[in-house]
Amino acid sequence: YDASARIIICNRPYIDMFGLSPDVAKPGCTMQRLIAHRQETGSFDGDVDEFCNAIIRTVKLGKATRQLTEAPGGRAIEIVNKPLPGGGWVATIEDVTERTRTENKIAYMAHYDAL
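Just so it is clear, the model here is predicted, and its values are computed rather than measured. (Residues numbered from 1 in each chain as written. Predicted model: local features only at pLDDT ≥ 70, side-chain atom pairs only at ≥ 80, totals over all residues. Heavy atoms only, no water.)

**Points about unusual backbone geometry**
Where the residue is not glycine, phi is negative for most of them; where a peptide bond is considered, it is trans in most cases. Despite not being glycine, alanine 5 shows a phi value in the positive range, around 65°. With respect to the helices, strands and loops of the structure, alanine 5 is situated in the segment before helix 1 (12-18). For alanine 5, a relative accessible area of 5% gives the class buried. (Helix = DSSP H or I, 4+ residues; strand = E, 2+ residues; numbered from the N terminus. Buried < 20%, exposed > 50% of the residue type's maximum accessible area, 1.4 Å probe, protein only.)

See the structure below:
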C-alpha cells in the first residue's frame, strides 16, 4: 500500500485466496474498498472502517501489525503489515492452516498424550 492506503501491487494468490475480483483488487484500489469487497464476497465479517483505520493508525506510527484470521473453508490466514519509509506499508498474507493444525495437535498431545 502507498501512503494513501491505496494498493500498489496485488498478486493473484491473494485474489484467489479470498475469491476476489481482479477488477476490484488492483493497483489504485483503496484499502477500505478492498476490505469492503472481501466483506461482500464473504471473507471478512468485521467492521471495515474500524479494521482499516486501526491498521492505518498503527503503520503510521511505524509499528508492524500481525493478526490471524479465518478465511473461507476454515483456513487460517496470517496477515502481517510492515511500515515502509515514506508512509506506505507491505501487507503479506500467508495461509498457515497446516502450521496452525500442527501446533494445535502438539499442544493437545502435550496435555493429553500418555507418554
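The discussion continues.
**Notes on the confidence of the model for the protein**
On average, residues of the protein score 91 in pLDDT, and 98% of them are at 70 or above. For the protein, helix 4 (residues 97-112) is the element with the lowest average pLDDT, namely 83, and helix 2 (residues 31-40) is the one with the highest, namely 96. (pLDDT = per-residue confidence, 0-100.)

**A short note on the side chain of glutamate 78**
Inspection of the secondary structure assignment puts glutamate 78 in strand 2 (residues 75-83). According to the relative accessible area criterion, glutamate 78 is buried, its value standing at 13%. Among the polar contacts made by the side chain of glutamate 78, one reaches the side chain of arginine 66 at a distance of 3.1 Å. Contact partners of glutamate 78, with chain neighbours within four places excluded, come to Arg66, Gln67, Leu68, Thr92, Ile93, Glu94, Val96 and Arg99. (Polar contact = N/O pair within 3.5 Å; in protein donor to acceptor, adjacent residues only side chain to side chain. Contact = heavy atoms within 4.5 Å.)

**A word on the pattern of salt bridges**
Enumeration according to the criterion identifies 7 salt bridges in this entry. Where arginine 33 meets glutamate 40, a salt bridge forms, and the shortest distance between an N and an O atom there is 3.1 Å. Owing to a relative accessible area of 34%, arginine 33 belongs among the partly exposed residues under this scheme. With relative accessibility at 55%, the residue glutamate 40 sits in the exposed group. Close ionic contact of arginine 99 with glutamate 78 constitutes a salt bridge, the shortest N to O distance being 3.6 Å. Of this pair, arginine 99 sits in helix 4 while glutamate 78 sits in strand 2, and the two are 21 residues apart along the sequence. Look at arginine 99 and you get partly exposed, because its relative accessible area is 41%. Taken together, the shared-partner salt bridges connect Arg66, Glu78, Arg99 and Glu103 into one network. (Salt bridge = Lys/Arg side-chain N within 4 Å of Asp/Glu carboxyl O.)

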